[in-house]
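# Coordinate inspection notes
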Amino acid sequence: MRFAAIADIHGNALALEAVLADIAAQGITDIVNLGDCFSGPLEAGKTADRLLELNLPTVRGNHDRYLTEFSPERMQTSDEAAYHDLSPRHLDWLRTLPPELVYRGEVYLCHATPGDDNLYWTETIAADGSVSLKAQAEIEALAEGITQPLILCGHTHLPRIIALSSGRLLVNPGSVGCPAYDDDQPYFHKVENGHPMASYAILEKSADRWTAHFRTVAYDHMAMSELARANGRPEWAAGLAKGRL
């Protein structure tokens, strides 16, 4: 079995197209999507049209949920920007997305963690804002009850693979469309990949063992950076330009 996993597109239609082309160039036709599809000051509507056309197995991200649960005046800036670029059919599609899926019987999919779509699975945030790898026991505890040998999550935008003591693999493919961001929960912190390329992962099973291959794809990231700046989001512009804030 061989397939691709994408996550955290955040309305970056150019990055999505570049990743889809790279996936096709690898001879891969099967793709799963781990959520946070549209939120951001970019091209939510164009991204939505493409994803609805593809009809990929997709789980709901926290920002996907915000777009359907909150009224525009209660949304964060990035969610509100996306909301106004989406049509009713795009929002209806978001409402159909499940918080978790099992793909082909042996791959567990969620956006962040099984019980919380806004919790980092493999990273911990200190009071000083530093981001580090979470203790193995805490990572393992969040996987309790999952029987599938391969677990996929997104949310942190950081490509990551964790070997669990059971022999299972936990993989985050990184972000297609947002290589750097900041957040104020639980403490203010920055997540930075240090490069502007789009990220995804190829998952492959051979002789009953799963492996993950991370790929980065160059695209016209400055066009998206300039769009973010034109839309009044200089922090997005910086992240898209450099992968740093």
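Residues numbered from 1 in each chain as written. Predicted model: local features only at pLDDT ≥ 70, side-chain atom pairs only at ≥ 80, totals over all residues. Heavy atoms only, no water.

### Quick word on helix H7 (residues 221–230)
Residues spaced three or four apart along an α-helix face the same direction, because each turn holds 3.6 residues. Inclusion rule: Relative accessible area decides the class of each residue, using a 1.4 Å probe on protein chains only: under 20% of the type maximum gives buried, over 50% gives exposed, and in between gives partly exposed. Helix and strand definitions here come from DSSP, where helices need a minimum of 4 consecutive H or I residues and strands a minimum of 2 consecutive E residues; each element is numbered from the N-terminal end. It is the directions from the helix axis to the C-beta atoms whose arc is reported. Here, residues are in contact when the closest pair of their heavy atoms is within 4.5 Å.
Within the span of H7, buried status applies to Met-224, Ser-225 and Ala-228. Each buried residue of H7 lies within a common arc of 105° when the element is viewed along its axis, so the set occupies one face. What points out from H7, more than 90 degrees from its buried face, is the exposed set Glu-226, Arg-229 and Ala-230. Packed against the buried residues of H7 are helix H1 (13–25) and helix H8 (234–242). In the stretch just after H7, Gly-232 is the one whose phi turns positive, near 80°.

### Examining the sheet that holds strand E13 (residues 209–217)
Keep this limit in mind: Two strands pair under a simple rule: DSSP has to find at least two bridges between them. The angle between two axes is taken between their N-to-C directions and runs from 0 to 180 degrees, where each axis is a line fitted to C-alpha atoms and a helix contributes only its stretch in contact.
If you walk across this open sheet you meet the four strands as E2-E1-E12-E13, and the pairing is mixed. Because the sheet does not close on itself, it has two edges, and the strands there are strand E2 (31–33) and E13. Across the sheet, the axes of successive neighbouring strands diverge by a mean angle of 25°, strand direction being ignored. Where strand E1 (residues 2–6) meets strand E12 (residues 198–206), four bridges bridge the pair, whose relative direction is antiparallel.

### Side note on unusual backbone geometry
The peptide bond linking Gln-185 to Pro-186 adopts the cis configuration, its omega dihedral lying at -5°. You can see Pro-186 is positioned in the loop between strand E10 (180–183) and strand E11 (189–192). One non-glycine residue, Asn-55, lies in the positive phi region at around 55°. Take Asn-55: it is sitting in the loop between helix H2 (44–54) and helix H3 (62–69). For Asn-55, a relative accessible area of 61% translates into the label exposed. The phi angle at His-157 is positive, at roughly 70°, despite the residue not being glycine. As for its placement among the helices and strands, His-157 is situated in the loop between strand E7 (150–152) and strand E8 (160–163). On the basis of relative accessible area, His-157 is assigned to the buried category, the value being 4%.

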